[in-house]
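Descriptive analysis of the structure
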Amino acid sequence: MIDDLWYKNGVFYCLSVGTYMDANGDGIGDFKGLLRRLDYLHGLGITAIWLMPFQPSPGKDDGYDIADYYGVDPRYGTLGDFVEFTHGCRQRGIRVIIDLVVNHTSDAHPWFRDARSSPDSEYRDWYVWADKKPANADKGMVFPGVQKSTWTRDKEAGAWYFHRFYDFQPDLNTSNPRVQAEILKIMGFWIQLGVSGFRMDAVPFVIATKGAKVRTPVEQYDMLRSFREFLQWRQGNAIILAEANVLPDTDMEYFGDDGDRMHMMFNFFVNQNLFYALASADSRPLAKALKATKPRPATAQWGLFLRNHDELDLGRLTKAQRDVVFEKFGPDKRMQLYDRGIRRRLAPMLGGDRRRLELAYSLMCTLPGTPVIRYGDEIGMGDNLDLPERNCARTPMQWSTEPHAGFTESDKPILPLIEKGPYGYEHVNVAKQRRDPNSMLNWTERIVRMRKEVPEIGWGDFKVIATPDPAVLVIRYDWRNNSVLFAHNLDEKPREVAFAAGVPGEAGKLLVNLLSEDHSQANGHGKHTLLLEAYGYRWYRVGGLDYLLKRSDIDTAGKTAHPT
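So, a few notes on the structure that sits alongside this text.

Parameters at a glance
Per chain, residues are indexed from 1 in the order of the written sequence. Two thresholds apply to this predicted model, a pLDDT of at least 70 for residue-level local features and 80 or more for giving and counting side-chain atom pairs, whereas whole-chain, interface and lining totals are computed over all residues. The side-chain numbers reported here are obtained from all heavy atoms of the structure, hydrogens and water having been left aside. Any pair of Phe, Tyr and Trp rings, taking the six-membered ring for Trp, is counted once the centres come within 6.5 Å. Such a pair is stacked with planes under 30 degrees apart, edge-to-face with planes over 60 apart, and tilted for the rest. Secondary structure elements follow DSSP: runs of H or I of four or more residues count as helices, runs of E of two or more count as strands, with numbering from the N terminus. The rule is simple: take the accessible area with a 1.4 Å probe, protein chains only, and divide by the maximum for that residue type; under 20% is buried, over 50% is exposed, in between is partly exposed. The axes are straight lines fitted to the C-alpha atoms, using for helices just the contacting stretch, and the angles between their N-to-C directions are given from 0 to 180°. Convention used here: angles under 35 degrees read as roughly parallel, angles over 145 as roughly antiparallel, angles from 65 to 115 as roughly perpendicular, and any remaining angle as oblique. If you view the pair so one helix is near and one far, a crossing is left-handed when the near helix is turned anticlockwise from the far one by less than a right angle, and right-handed when it is turned clockwise. Residue contacts follow a heavy-atom distance rule, with two residues in contact if any of their heavy atoms lie within 4.5 Å. Polar here means any residue other than Ala, Val, Leu, Ile, Met, Phe, Trp, Tyr, Cys and Pro, which are nonpolar, and Asp, Glu, Lys and Arg, which are charged; Gly is therefore polar. Criterion used throughout: strands pair if DSSP finds at least two bridges between them. Think of a salt bridge as a Lys or Arg side-chain nitrogen and an Asp or Glu carboxyl oxygen that are within 4 Å of each other. We define the nonpolar core as a collection of buried residues of types Ala, Val, Leu, Ile, Met, Phe, Trp, Tyr and Cys that are connected through side-chain atoms lying within 4.5 Å of one another. For the purposes of this analysis, a disulfide is any pair of cysteine sulfur atoms at a distance within 2.5 Å. Handedness of a crossover is defined as follows: orient the strands so they point away from the viewer, and if the path from the first strand over the helix to the second runs clockwise, the crossover is right-handed. For a helix, the expected span equals 1.5 Å multiplied by the residue count minus one.

Right, let's talk about the packing of aromatic side chains for a bit. Tallied over the full model, the rule gives 42 aromatic pairs. Taken together, a centroid distance of 5.2 Å and an interplanar angle of 70° make the contact between F112 and Y161 edge-to-face. With a gap of 49 residues between them, F112 in helix 5 (residues 110-117) and Y161 in strand 6 (residues 159-162) connect regions that are remote in the sequence. In this pair, the class of F112 matches that of Y161, namely buried. Residues F266 and F305 carry aromatic rings whose centres are separated by 5.4 Å and whose planes lie at 80° to one another, so their mutual orientation is edge-to-face.

Here it is, written out as structure tokens:
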């Protein structure tokens, strides 16, 4: 059954409660308001909502500095409001996953306050301490240029504590069995309140050894297996989506050779090469990245995304490739961040060009994995470069032309709304686009619906079909005696390309367009010739539309063998 692994053919939607809906006029979004927007999300066709942190927090890092893992920040509501929200999602067939931020806590967390109070505190070894400043304190910063050290001296404790991120986020000693047990307890708590899984923050850091004497951290991969075992015991179809920006030769360590570790991972390697392909009109590095990340267990899945709530990290590209992407999408230093990435939203990065936006989303929806859409990108929201660091791309959702974009009745939203310029809320908002059948919002809704109608992407094996033109990417998926094929022109100029579909028999001679009446019939040599307009894309079903009658109950031997 397709539903046995619900995350393999779904569409995820990422949002921050605080910037998505405000109901009480206090300038902070809450769960009551979010509940009112569920029908919008249901209409959009998403199958799962990923919530960024909403637990009590000083708010110095957009909620990722958590001060209580078992509560809801009063600005967002109560635990009861959260349960009502998850129940509303369940009624609409939408699942909820939440951020699991357990690499570090806030320095305001009671655990850390107790730990710093005495060397004999029961929580002292829940954190990582040193009597004197370690020699490598100026290395390994996650935010270079903003963060100056990974060790900070605490006057009350009379010792140095380790923090991979900001100094107000002391790292938990995740090698401590008591800390690991607490992580399981946190997971169990939220599962009981209706969530279907977790997006685990900074997984490589969570499982790495930590300490003043650790020169080269070692990843403790067995920790991931214990997390999954607990989760499957508590709720069999719950998942963990790992944030792990690692190289392809490490992927299977996170998935597990037997599929016994992480259920999903964000494919950062493909993401970075995808942006290089969009910048250079060269699909070859992207094709190599797809091949490099192809191995995975049958029960695992990639999370595919364009932009998220962080910077666009380009650290896995070569310097020459990185320079091309910077020049194309972030030439101004104000657009860059941490010496490795671009902090812009997708629409302004692509110059507001509707053709390029559609191309990018078509690519994301047809590459192997589950698409993850970030709130506001379905309407082409912009950014505010006057805001510091990553906040420039975290502005409130733009609902209408009402004051404050219909987001709040308060004059002080959590972050300033975009009011001026082409991306101001009077020009870019949900209400306006809902009434326009040709809007970005309605196009996104149609493409999401079509993505859910081609389970071959989520379940099948894929093959990149070679073409003589590097600007054109052609990829085919095979699953249960069915095949789909997708072609994308990355260039600003029209391209003509000829290729064979690679499916034997009469089926391979016909490509039925899923988005228009522009079908393709092969010539006498079995080759299709496509004329793709600038930034053009095609979604095809190989053979006729009687494919459901031909779909086998199980994978046919040899044809759709899994990549592993």
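At a minimum axis separation of 11 Å, helix 14 (residues 354-366) and helix 16 (residues 440-452) run at an interaxial angle of 20°. In this view, helix 14 runs roughly parallel relative to helix 16, as classed from their interaxial angle. Crossing handedness for the pair helix 14 and helix 16: right-handed. The residues of helix 16 that touch helix 14, namely those facing R354, L357, E358, Y361, S362 and C365, are M440, W443, I447 and R451. Of the residues contributing to the contact of helix 14 with helix 16, the split by class is 6 nonpolar, 1 polar and 3 charged.

Here 6 strands make up an open sheet; going across it, the order is 15-16-17-22-19-20 and the pairing antiparallel. Lying at the two open borders of the sheet, with one neighbouring strand each, are strand 15 (461-465) and strand 20 (520-521). Pairing between strand 16 (residues 472-479) and strand 17 (residues 482-489): 8 bridges, direction antiparallel. Bridge pairing in strand 17 places L473 opposite H488.

Our next topic: unusual backbone geometry. A positive phi angle, near 55°, is found at D62, a position not held by glycine. Here D62 is to be found in the loop between strand 2 (48-51) and helix 4 (79-91). The backbone of E389 shows a phi angle near 45°, a positive value even though the residue is not glycine. We classify E389 as partly exposed; its relative accessible area is 24%.

Here we take up the pairing of strand 22 (residues 537-542). Judged by how many residues are buried, strand 22 sits mostly within the fold: 6 of 6 residues are covered. Sheet topology note: the strand 17/strand 22 ladder contains 5 bridges and is antiparallel. The residue bridging A487 from the neighbouring strand is R538, located in strand 22. In this structure, strand 19 (residues 510-513) lies alongside strand 22, joined through 3 bridges in antiparallel fashion. Considered in strand 22, the bridge of N513 is made with Y540.

Before going further, it helps to examine the pattern of salt bridges. Under the criterion given, the structure shown has 37 salt bridges. Between D323 and K319 there is a salt bridge, with its nearest N and O atoms 3.0 Å apart. Residue D323 and its partner K319 are located together in helix 12 (residues 319-329), separated by 4 residues, close to a single helical turn. On the basis of relative accessibility, which here comes to 56%, the residue K319 falls in the exposed class. Two residues, R538 and D518, come together in a salt bridge whose shortest N-O distance is 3.2 Å.

Attention now goes to the nonpolar core. Counting 156 residues, the largest nonpolar core has Y13 and L51 as its most contacted members. Counting residues in each nonpolar core, the second largest holds 14 residues, with I465, V474, L532 and Y540 among its members.

It is worth spelling out the environment of K420 at this point. Relative to the helices and strands, K420 resides in the loop between strand 14 (370-374) and helix 15 (430-434). Look at K420 and you get exposed, because its relative accessible area is 74%. Sequence spacing of K420 and N384 is 36 residues, and the spatial spacing of their C-alpha atoms is 9.9 Å.

With that settled, consider the sheet that holds strand 11 (residues 312-313). With antiparallel pairing, 3 strands are arranged side by side in an open sheet as 11-13-12. With partners counted over all chains shown, the strands left at the sheet margins are strand 11 and strand 12 (336-337), one partner each.

Let's shift gears to the state of the cysteines. Under the definition given, this model contains 0 disulfides. With no disulfide of its own, C14 lies 14 Å from the sulfur of C89, the closest cysteine sulfur. A disulfide-free cysteine, C365 has its sulfur positioned 15 Å from the sulfur of C14, the nearest such atom.

This part covers the packing of helix 10 (residues 268-280) against helix 12. At a minimum axis separation of 9 Å, helix 10 and helix 12 run at an interaxial angle of 60°. If you check the angle between helix 10 and helix 12, you find them oblique. Here helix 10 and helix 12 pass one another in a crossing that is left-handed. Of the residues in helix 12, those touching helix 10 at F275, Y276, L278, A279 and S280 are Q321, V324, V325, K328 and F329.

This part is about the pairing of strand 2. Burial along strand 2 is two-sided: the face carrying A48 and W50 and the face carrying I49 and L51 are both buried. Of the strand pairs in this sheet, strand 1 (residues 12-15) and strand 2 are connected by 4 bridges, and their pairing is parallel. In the sheet register, F12 faces strand 2, and the bridge partner there is A48. Sheet topology places strand 2 next to strand 3 (residues 95-100); 4 bridges connect them, and they run parallel. Pairing of A48 across the sheet is with R95, part of strand 3. Regarding topology, helix 4 serves as the crossover connection from strand 2 to the parallel strand 3, and that connection is right-handed.

As a further point, take helix 16. When the terminal C-alpha atoms of helix 16 are compared, their 18 Å separation across 13 residues agrees well with the 18 Å that a helix rising 1.5 Å per residue should span. Inspection of helix 16 places M440, L441, N442, W443, T444, I447, V448, M450 and R451 among the buried residues, and these make up the whole buried set. Looking at the packing, one finds that the buried side of helix 16 touches helix 3 (38-44), helix 14, strand 14, helix 15, helix 17 (456-459) and strand 22.

Bear in mind that shape data such as this cannot, by itself, settle questions of function.
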